[in-house]
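Report on the structure
Listed below, chain by chain, are the residues.
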Amino acid sequence: MTRLEMATRIKDNLSQMMSIEVKLPTGSDNVIHLETAKENLPAIVGYLYKEQGCQLVQMLGNDEREICGSFRVYLVFVHDGAGLILILRTAIAPEDLVYPSVTPVIPAAHWYEREIRDLYGLEPKGHPELRRLAVHKDWPKQYYPLRRDFPLKKKVPRSEGKFKFIPVEGEGVMQIPVGPIHAGIIEPGHFRFSAVGENVLHLEARFFYTHRGMEKLAEGKTPQEGLLIAERLCGACSFSHSLAYCLALEKLTGTAVSERVDYIRTLGMELERLYNHIGDVGNICAGIGFAFGTMQGARLKEKMQQLNETVFGSRFLRGINTPGGVRRDLDSDQLSLILQTLSQVEGEFRELTEILLASESYMNRVQGTGLLRHDLASDLHAVGPAARASGVDRDLRRDHPYAAYAKLAFRVPVLSEGDVLARVKLRIEETFESMGIIRQVLARMPEGKLKVALKPMPPYAYAVGMTESARGENVHFIMAGQDGRIFRHMVRSASYCNWPVVPSTVPGNVVPDFPLINKSFELCYACMDR
Amino acid sequence: MIKLFRKSLNTGIVTTSYPDKPDIPIEGYRGLPEREADKCMLCGRCSEVCQTEAISVNAKTDMAWSLDPKRCLFCGYCVEACPKGALKMSLIYELAERAAATQAPGSSVEAASAVKQVLGRSIHIRHLDSGSCNACEWEMTTLTGPVYDIQRLGFNFVASPRHADLLMVTGPVTRNLEIAVKKTYSATPAPKIVVAVGTCACSGGICGQSYASAGGVNQILPVDIYIPGCPPRPQALIHGLLQAMEPKR
């Protein structure tokens, strides 16, 4: 079925069910815009998710009282087979801030609805677990930081409050609190283990310690200014976030970039994946005290980061993407340096992983540990290598290609075991695929303009940009304001989808396996907390 | 097992000779912006595009043009905005600086002297994330790897603030971490040294001051050494740590 046929079918079916406004895509566009009354949300979401197999990839609130007198909630779906993006929105009047929760229909909405409640004060009626998420226990009621009338620099007093952990009781059950400040050089989060001896019965996690107000900061910024924010949402995903941001703006304005830009961006995406995956495969060894693997991995990762600096001037690939193009070009010397480094790292990485997978003590720890079941991964919309290691066959590079991916040949590895070992193996396979992609990019590197001016942003137009980072899909939603500035920028990182599934993979394992399981997901806190 | 040993032996020594030998990045690296005063006409375009107010231009004062590295994101927007080509991104990255005044008794210079006297340069470091983007963390982790191996210089990362002489703080101090930051500081025995790592920690950086961010570590704790960078190169971190251990001002 073609994209337009699919879109038309969705329109026809929905129009029979309810009163709904549907704008079909025109030309080469792939976005369906839908608007309906809030009462219809569960029905329409159920149709898209259960009958059409659409995936919910983002959900956000927006304070549009100055535009239309209401708040709005946006839900972004994708249909992988047809390559469609569906953006559904509904108005929520300030007099009645309650809307029907869609979480009972589509479990992946659970965090979004809690976050929207914390940041905008919109109440999802029927949500099964309405605890706070994005604001902490000492945040007073009636302060909603993402409402437009809440000033960025407002000093909010601390109030009394308690975060409720789900109680686990019984003989011999003890609680082990860990964090937010951890023992290693890592990001902050709080973990609450309920254990009997070493065996974990239940694990809960508390996040949003690194909430820096990044989305609020982006309001009123020009596209160029906002880029610096997007790039600093996360260290290890700098490139994939800055690219998703640029893609959203280019889509919003209808700006087409040159083929050379597409290829340079693809190169950046894969270089980012490489230093992440190689570093992660090494660092997972730190979870079992296997110093040989940790150090060899760190050495190869360092080689890749040094390559990043030599070629692009930044170990984290910052300062390359810009709305309308890229800020760095490559000459033939740089291309051959990349090839040379790749073949060296490829050989060494292969050698390293062969040694790891042949080591009995290593295999003993990783096999069967930290199982992520396929149904859970699928229901909660887990993404990236973690989901693919549990049999979820999705990858934006193939299913919703951006930059130059549609022109390149590569395989999307999928495994079904769902344990630490599967997540390691998947990264190993992806590493080699990634090197193959880079070789194609370098062989073909077309000529073209490095940058075009971003066309003006139509007031209150909105668009979505998506990239597949080393951790999975990143989705950026941007709405333009009236004055060529950003009205709303919502960032849904891969880690936002995967953190909720991590605690469920721990019960049944022993406490000392947690660092290992955690490292096998290797998620960010910063781009989730924002 | 034999393969493992063979691989380790074949790998050889990979550790850098920094800081004994300088390590200057290749052309194209974005170090501290530098100005050619002759070409500059003090038009102020660079400071207009600077998101973090790192550049101030005031033709009427002695310091007609100045740049605070602690605020710099090293984004290069100023260089691109300059109509006269008076600015360029230099290769300078060793930007650690000592706080202007000794802020608290038992810290800074005093601490460095005391620690150095007793321990030589054997320093235990505790990392404290106050809301960083994770780039600074990755560079600090790299310090413990085979290439930078800071244990060879006497530095050692420890798992608890109670074991530490020095706190390396990253991030602008978010509201949700402020209490944890204060608790970690007070759990660290005196004398203690606080190092603000990265532009967010040095000045708030891109996060600035907001409902969610204090706008830099010195808003919450007395800072002794600032290491600017977004993020700082691993070599810049080593440079900063060595500065912290230098009792002379």
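These numbers were taken from a predicted model, which means no experiment stands behind them. Residue numbers restart at each chain and count upward from 1, following the sequence in its written direction. Chains carry letters and ligands carry numbers; both start at the beginning, A for chains and 1 for ligands, and go up in the order they are written. Where local features are concerned, this predicted model is filtered to residues with pLDDT of at least 70; where side-chain atom pairs are given and counted, the filter is 80 or more; whole-chain, interface and lining totals use all residues. Calculated side-chain values reflect all of the structure's heavy atoms, with hydrogen atoms and water omitted.

A few points about the overall build of chain A
- Here a helix means four or more residues in a row that DSSP labels H or I, a strand means two or more in a row labelled E, and each is numbered from the N terminus. Secondary structure assignment for chain A yields 18 helices and 15 strands.
- We compute the radius of gyration from the C-alpha atoms alone; for a globule the expected value is 2.2 Å times N to the 0.38, where N is the number of residues. Here chain A has a C-alpha radius of gyration of 23 Å; the compact-globule value for 530 residues is 24 Å, and the two agree.
- For chain A, the C-alpha atoms occupy an extent of roughly 70 × 65 × 50 Å along the three principal directions.
- A contact between two residues is defined here by any heavy atoms of the two lying within 4.5 Å. Long-range contacts, defined here as pairs at least 24 residues apart, represent 68% of the contacts in chain A between residues at least 6 apart.
- When the accessible surface of chain A is split by element, carbon and sulfur atoms take 51% of a total near 18,000 Å².
- Each charge sign in chain A was given a centre, from 64 positive and 63 negative side chains, and these centres are 4 Å apart. Each accessible area value is a Shrake-Rupley result obtained with a 1.4 Å probe; residue values ignore everything except the protein chains displayed when judging cover. All tallies of charge rest on Lys and Arg as positive and Asp and Glu as negative; His and the ends of each chain are not included. Positions of charges follow a simple convention, taking NZ of Lys, CZ of Arg, CG of Asp or CD of Glu.

Regarding the interface of chain B and chain A
- Chain B puts 60 residues into the contact, and the matching count from chain A is 71 residues.
- Taking both sides of the interface into account, the surface hidden between chain B and chain A amounts to around 5,500 Å²; carbon and sulfur atoms contribute 58%.
- Simply put, the buried area is the total loss of 1.4 Å probe accessible area from both parts when two parts are fitted together. Together, Trp138, Arg175 and Tyr211 of chain B form the three largest contributors to the area buried by chain B at its contact with chain A, with a combined 17%.
- Whenever Lys or Arg places a side-chain nitrogen within 4 Å of a carboxyl oxygen from Asp or Glu, that contact is recorded as a salt bridge. Viewed at the interface, chain A and chain B are joined by seven salt bridges.
- A salt bridge links lysine 7 of chain B to glutamate 348 of chain A, with the nearest nitrogen and oxygen atoms 2.8 Å apart.
- Pairing of N or O atoms within 3.5 Å defines a polar contact, subject to two protein rules: one partner must be a possible hydrogen donor and the other a possible acceptor, and residues neighboring in sequence count only if both atoms are side-chain atoms. Here chain B is connected to chain A by 27 residue pairs in polar contact (both at pLDDT 80 or more).
- Secondary structure elements with two or more residues in the side of chain B that touches chain A: helix H1 (2-11), helix H3 (77-81), strand S6 (123-129), helix H5 (135-143) and helix H6 (178-187) of chain B.
- Ranked by residues supplied to the side of chain B that touches chain A, first place goes to H5 of chain B with seven residues.

Describing unusual backbone geometry
- The step from glycine 179 of chain A to proline 180 of chain A runs through a cis peptide bond, and the omega angle for that step is 15°.
- Within the fold, proline 180 of chain A resides in the loop between strand S8 (173-178) and strand S9 (190-196).
- In this model, tyrosine 18 of chain B is joined to proline 19 of chain B through a cis peptide bond whose omega is 10°.
- Non-glycine residue arginine 530 of chain A carries a positive phi angle of around 55°.
- Here arginine 530 of chain A shows up in the segment after helix H18 (526-529).
- Summary of the burial criterion: residues with accessible area below 20% of their type's maximum are buried, those above 50% are exposed, and those between are partly exposed, where the area comes from a 1.4 Å probe applied to protein chains only. Assessed through its relative accessible area of 3%, arginine 530 of chain A is described here as buried.
- Even without being a glycine, asparagine 134 of chain B presents a positive backbone phi close to 90°.
- Among the structural elements, asparagine 134 of chain B can be located in the loop between S6 and H5.

A closer look at the layout of surface pockets
Residues and elements named next belong to chain A.
- Cavity and pocket criteria rest on a 1 Å grid covering protein atoms alone: a 1.4 Å probe that fits but cannot get out defines a cavity, protein on both sides within 12 Å along at least 5 of 7 lines defines an open pocket, and an atom within 4 Å of a point defines a lining residue. Grid points are joined across faces, edges and corners, and a volume is the space filled by probe spheres set on the points. In this structure, the second largest pocket occupies an estimated 760 Å³ of space.
- The wall of the second largest pocket is formed by 27 residues, among which Asn30, Leu247, Lys251, Pro401 and Tyr402 lie closest to the centre.
- Those elements giving two or more residues to the lining of the second largest pocket turn out to be helix H7 (238-253), helix H8 (259-284) and strand S13 (462-469).
- Polar here means any residue outside two lists: the nonpolar Ala, Val, Leu, Ile, Met, Phe, Trp, Tyr, Cys and Pro, and the charged Asp, Glu, Lys and Arg; Gly therefore counts as polar. The residue makeup of the lining of the second largest pocket, split by class, is twelve nonpolar, seven polar and eight charged.
- For the domains described, the bounds stem from an automatic or database domain assignment. For the lining of the second largest pocket, the two domains that each supply at least three residues are domain 1 (3-125) and domain 3 (214-521).

Considering the domain arrangement of chain A
- Structurally, chain A comprises domain 1 (3-125), domain 2 (173-206) and domain 3 (214-521).
- With centres defined by C-alpha atoms, the gap from domain 1 of chain A to domain 2 of chain A works out at 36 Å.

Describing the pattern of salt bridges
- One pass over the full model with this rule turns up 56 salt bridges over all chains.
- Arginine 89 of chain A is paired through a salt bridge with glutamate 35 of chain A; the nearest N and O atoms lie 3.1 Å apart. Within this pair, whereas arginine 89 of chain A is found in strand S5 (residues 84-92), its partner glutamate 35 of chain A is found in strand S2 (residues 31-36), the two being separated by 54 residues in sequence.
- The shortest N-O distance in the salt bridge between arginine 158 of chain A and glutamate 178 of chain B comes to 3.3 Å. Linking arginine 158 of chain A in the loop between strand S7 (123-125) and S8 with glutamate 178 of chain B in helix H6, this pair reaches from one chain into another.
- Connected through shared salt-bridge partners, Glu270, Arg273, Arg388, Asp395, Arg397, Glu430 and Glu468 of chain A make up one network.

Here we look at the confidence of the model for chain B
Residue and element names in this part refer to chain B.
- Across the chain, each position has a pLDDT score giving the predictor's confidence in that residue, from 0 to 100. On average, residues of chain B score 90 in pLDDT, and 92% of them are at 70 or above.
- The least confident element of chain B is helix H4 (residues 108-119), whose mean pLDDT is 66; the most confident is helix H7 (residues 198-203), at 96.
- Overall fold confidence for the complex sits at a pTM of 0.94, while the interface term, ipTM, reaches 0.92.

Some thoughts on the sheet that holds strand S5 (residues 97-98) of chain B
Residue and element names in this part refer to chain B.
- By the convention used here, strands pair only if DSSP detects at least 2 bridges between them. Taken in spatial order, the six strands line up as S5-S10-S9-S8-S6-S7 in an open sheet, and their pairing is mixed. Of all the strands in the sheet, the pair left with one neighbour each is S5 and strand S7 (155-157).
- As defined by bridge partners, S6 adjoins S7 across three bridges and the pair is classed as parallel. Within S7, the residue paired with histidine 124 across the bridge is asparagine 156.

Some remarks on the packing of helix H9 (residues 291-312) of chain A against helix H10 (residues 332-357) of chain A
Residues and elements named next belong to chain A.
- With axes taken as lines fitted to C-alpha atoms, and helix axes fitted only over the stretch in contact, angles between N-to-C directions fall between 0 and 180 degrees. Direction vectors running N to C along H9 and H10 enclose 170°, while the axes themselves pass 11 Å from each other. Between H9 and H10, the angle is such that the two are roughly antiparallel. Residues Phe292, Gly293, Gln296, Gly297, Arg299, Leu300, Lys303, Met304, Leu307, Thr310 and Val311 of H9 pack against Gln334, Leu337, Ile338, Thr341, Leu342, Gln344, Val345, Glu348, Phe349, Leu352, Ile355 and Leu356 of H10. Our angle categories are set so that under 35 degrees counts as roughly parallel, over 145 as roughly antiparallel, 65 to 115 as roughly perpendicular, and the remainder as oblique.

Considerations on the nonpolar core
- In terms of nonpolar packing, the biggest core is built from 152 residues, with Leu75, Phe77 and Tyr362 of chain A touching the most fellow members.
- Tallying contributions element by element places H8 of chain A first for this core, with eleven residues.
- The contact partners of leucine 75 of chain A, leaving out residues within four places of it in the chain, are Leu41, Val45, Leu56, Gln58, Met59, Leu86, Ile87, Leu88 and Val102 of chain A.
- Here the nonpolar core consists of buried residues drawn from Ala, Val, Leu, Ile, Met, Phe, Trp, Tyr and Cys, with membership extended through side-chain atoms lying within 4.5 Å. One finds Ile478 and Ala480 of chain A together with Leu32 and Cys82 of chain B within the second-largest nonpolar core, a separate group that totals 45 residues.

A word on the pairing of S6 of chain B
Residues and elements named next belong to chain B.
- Judged by how many residues are buried, S6 sits mostly within the fold: six of seven residues are covered.
- Throughout, right-handed denotes a crossover for which the path from the first strand over the helix to the second runs clockwise when the strands point away from the viewer. In this fold, S6 hands off to H5, which returns the chain to S7; that crossover is right-handed.
- In terms of strand pairing, S6 meets strand S8 (residues 166-170) through five bridges, oriented parallel. Across the sheet, residue histidine 127 finds its bridge partner in S8, namely methionine 168.

Description of the pairing of strand S3 (residues 55-64) of chain A
Residue and element names in this part refer to chain A.
- Most of S3 sits inside the fold, with ten of its ten residues counted as buried.
- Pairing of S3 with strand S4 (residues 70-79), which is carried by nine bridges, proceeds in the antiparallel orientation. Within the sheet, the bridge partner assigned to glycine 61 lies in S4 and is valine 73.

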